[in-house]
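# Structural characterization, general
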Amino acid sequence: MTAIRRICLLTKRLFKKPGFIVILVTCFLFSGALCTFCDDGGSVVRVAVALTDPDDPVLQRIAKRLTDAESIIKFTVTSPQEAKDAVESGDMDEAWILPEDIELAIEKYFLERTPIATVIRGRQDVTNLLSVERLNAAIYPEMSYRVYVDFIKSNFPDNLDEAQLRKSYDESFKLGKLIETQTVDSVAVSDGDDFLGASTRGIVALVVLFAALSAQMYYLDDREKGCFDGFNQGKSFGFNLITVMGAALICAVLCFCSLWVFGYFKEALLWEGISYIVYAVGCGGFCMLLGAVMKKTSLFGVLIPFVMILSLFVSPIFFEISLLRPIAMLLPCYWYLQMAANASMTGFALLYLVITLALSYLAGILRSKHLRV
């Protein structure tokens with residue numbers, strides 16, 4: 001009962017910290033807002049599709065292919081001048097200008113290899129460079145249709161009218177799903193371009209890490225005030241463990257519930273819950289290890305933004321940089337995302353949290369011996 005009472009008292013102390021309350025409220029609202037934003041079609045790139053001739057059926061088909069597809073790109077169909085003005089004002093990232101007589105532009109492309117469309121770009125990054133592939137994919141069926149028509153007319157003297165050719169082409173080349181996306185565990189996943197939705201798990205996980213870092217800073221502040229001076233290393237380690245793990249687990253539960261309530265977690269809830277618990281404990285071990293090597297609370301506070309930024313860009317939340325993988329493997333978020341994608345990585349994640357807890361305990365022993373000297 002004494003141990004349980006201490007756990008309750010140390011956890012209760014966290015709720016007396018206004019900053020911790022703000023973190024808990026923020027983690028729930030932030031997780032829900034992010035899920036809601038993704039469900040509403042949150043986009044990364046905004047593109048104005050400019051139709052020089054809005055009544056042209058070819059241009060209408062191209063625009064429909066762009067706007068109907070699931071994508072991280074938000075398409076808005078407009079006029080060329082409005083599209084240019086939107087890019088200049090920053091309301092749009094790009095403007096895709098489609099020519100007035102696009103069939104003639106396609107013919108010229110086959111004869112002279114002249115560009116068909118014009119892209120006006122307000123900024124240039126990876127997502128913008130990849131977005132142009134969408135335009136290529138939308139124009140390609142019209143080019144393929146033109147090759148098809150030329151072949152039919154040149155090889156079959158009895159020419160069909162345009163409507164018959166279009167109907168025959170659409171029926172012959174209507175394709176189903178060519179690619180199925182699976183995890184390494186052979187579980188089928190969506191192959192859409194939900195860029196933010198795919199990154200939601202990692203972004204929300206950083207909130208748990210931030211809560212653990214904050215709790216560790218609270219503990220270090222209490223340690224500097226001498227709150228734990230009368231206890232041996234084992235008990236001090238236990239107090240640290242309860243404080244940090246309590247904060248991480250409470251925040252993890254809130255984040256998990258928020259993602260479940262707002263529809264992000266729809267299947268394998270038990271496994272997702274276990275993953276979150278392992279991740280929360282890993283965050284605790286990581287933060288305790290950092291706290292064990294920091295001499296002052298102020299230094300640890302300075303380290304928190306650096307750790308958060310490093311976790312955001314080095315962990316495979318948006319993409320993975322192979323060159324920085326050794327650094328990413330030092331962070332708990334990396335192992336959580338690996339475990340979520342591949343259940344066979346659970347053993348490595350458990351090994352990670354055991355190593356961090358053991359190292360933090362050893363660092364605490366060395367620190368206590370140094371203080372005695």
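Structure: see above.
This text gives an overview of the structure that appears in the document. Fair warning: this is a prediction, and the values are worked out from it, not measured in the lab.

Moving on: the overall build of the chain. The helix and strand tally for the chain stands at 14 helices and four strands. When burial is assessed residue by residue, the chain has 41% of its 373 residues classed as buried. Looking at the chain alone, contacts between residues at least 24 apart form 73% of all its contacts between residues at least 6 apart. Here the chain displays about 20600 Å² of accessible surface, and carbon together with sulfur accounts for 64% of that area.

What follows is about the packing of aromatic side chains. Per the stated rule, a full pass over the model turns up 10 aromatic pairs. Their ring planes at 65 degrees and their centres at 6.0 Å tell us that Tyr 109 and Phe 110 sit as a pair that is edge-to-face. With a centroid separation of 6.5 Å and 85 degrees between ring planes, the pair formed by Tyr 276 and Tyr 279 is classed as edge-to-face. In this pair, Tyr 276 and Tyr 279 both sit in helix α10 (residues 269-293), three residues apart, roughly one turn of the helix. Residue Tyr 276 is classed as buried on the basis of its relative accessible area, which comes to 2%. With a relative accessible area of 2%, Tyr 279 lands in the buried category.

Next up on the list: the sheet that holds strand β3 (residues 94-98). Within a sheet, each strand pairs with its neighbour through backbone hydrogen bonds, oriented either parallel or antiparallel. With mixed pairing, four strands are arranged side by side in an open sheet as β2-β1-β3-β4. Because the sheet does not close on itself, it has two edges, and the strands there are β2 (73-78) and β4 (118-121). Each neighbouring strand pair of the sheet contributes to a mean axis angle of 20 degrees, computed without reference to strand direction. Relative to β4, β3 runs antiparallel, the two being bridged by four bridges. Within the sheet, the bridge partner assigned to Ile 97 lies in β4 and is Thr 118.

Our next topic: unusual backbone geometry. For Arg 113, which is not glycine, the phi torsion reads 60 degrees and is therefore positive. Residue position: Arg 113 is located in the loop between α5 (102-112) and β4. Relative accessible area serves as the criterion here: at 54%, Arg 113 is assigned to the exposed category.

The next thing to look at is helix α4 (residues 80-89). What α4 keeps buried is the set Ala 83, Ala 86 and Val 87. Taken around the axis of α4, the buried residues stretch over an arc of 95 degrees, which confines them to a single face. Elements that come into contact with the buried residues of α4 comprise β1 (45-51), β2, β3 and β4. Looking one or two residues beyond α4, the residue adopting positive phi is Gly 90, at roughly 90 degrees.

Relative to each other, α10 and helix α11 (residues 297-314) sit at 140 degrees, their axes nearing to 11 Å. As far as their axial angle goes, α11 and α10 are oblique. At the point where α10 passes α11, the crossing takes the right-handed sense. Where α10 abuts α11, its residues Phe 286, Cys 287, Leu 290 and Gly 291 lie against Phe 300, Leu 303 and Val 307.

Take the packing of α10 against helix α13 (residues 332-341) next. The geometry of α10 relative to α13 is characterised by a closest axis approach of 9 Å and an angle of 165 degrees between their N-to-C directions. The angle between α10 and α13 places the two elements in the roughly antiparallel class. Of the two elements, α10 crosses α13, and the hand of that crossing is right-handed. Counted together, Trp 271, Glu 272, Ser 275, Tyr 276, Val 278, Tyr 279, Gly 282, Cys 283 and Phe 286 of α10 and Pro 332, Cys 333, Tyr 336 and Met 339 of α13 form the full contact between these two elements. Residues of the contact of α10 with α13, tallied by class, amount to 10 nonpolar, two polar and one charged.

Another point: the environment of Glu 107. Checked against the element boundaries, Glu 107 lands in helix α5. Beyond its immediate sequence surroundings of up to four residues, Glu 107 is in contact with Arg 146 and Asp 150.

The next point concerns the nonpolar core. Val 208, Leu 209, Leu 213 and Tyr 276 are the most contacted members of the largest nonpolar core, which has 59 residues in total. If you list the elements that add at least two residues to this core, you get α2 (18-39), α8 (195-224), α9 (233-261), α10, α11, α13 and α14 (346-372). Element by element, the count of residues in this core is highest for α8, at 14 residues. If we ignore the near neighbours within four places in the chain, the residues touching Leu 213 are Cys 287, Leu 290, Phe 300, Ile 304, Val 307 and Met 308.

Turning our attention to the side chain of Asp 56. By the element assignment, Asp 56 lies in the loop between β1 and α3 (57-68). Arg 61 is the oppositely charged side chain nearest to the buried, salt-bridge-free Asp 56, at an N-O distance of 6.5 Å. A distance of 2.9 Å separates a polar side-chain atom of Asp 56 from the backbone nitrogen of Val 58. The residues touching Asp 56, leaving out its near neighbours within four places in the chain, are Glu 100 and Ile 102.

Basis of the calculations
Residues numbered from 1 in each chain as written. Predicted model: local features only at pLDDT ≥ 70, side-chain atom pairs only at ≥ 80, totals over all residues. Heavy atoms only, no water. Helix = DSSP H or I, 4+ residues; strand = E, 2+ residues; numbered from the N terminus. Buried < 20%, exposed > 50% of the residue type's maximum accessible area, 1.4 Å probe, protein only. Contact = heavy atoms within 4.5 Å. Areas by Shrake-Rupley, 256 points an atom, 1.4 Å probe, with all protein chains shown as cover. Phe/Tyr/Trp six-rings, centres within 6.5 Å; stacked < 30°, edge-to-face > 60°. Pairing = 2+ DSSP bridges. Axes fitted to C-alpha atoms, helices over the stretch in contact; angles between N-to-C directions. Arc of directions from axis to C-beta. Parallel < 35°, antiparallel > 145°, perpendicular 65-115°, else oblique. Left-handed = near helix turned anticlockwise from the far one by under 90°. Nonpolar A, V, L, I, M, F, W, Y, C, P; charged D, E, K, R; others polar. Core = buried A, V, L, I, M, F, W, Y, C linked by side-chain atoms within 4.5 Å. Lys, Arg positive; Asp, Glu negative; His and termini not counted. Salt bridge = Lys/Arg side-chain N within 4 Å of Asp/Glu carboxyl O. Polar contact = N/O pair within 3.5 Å; in protein donor to acceptor, adjacent residues only side chain to side chain.

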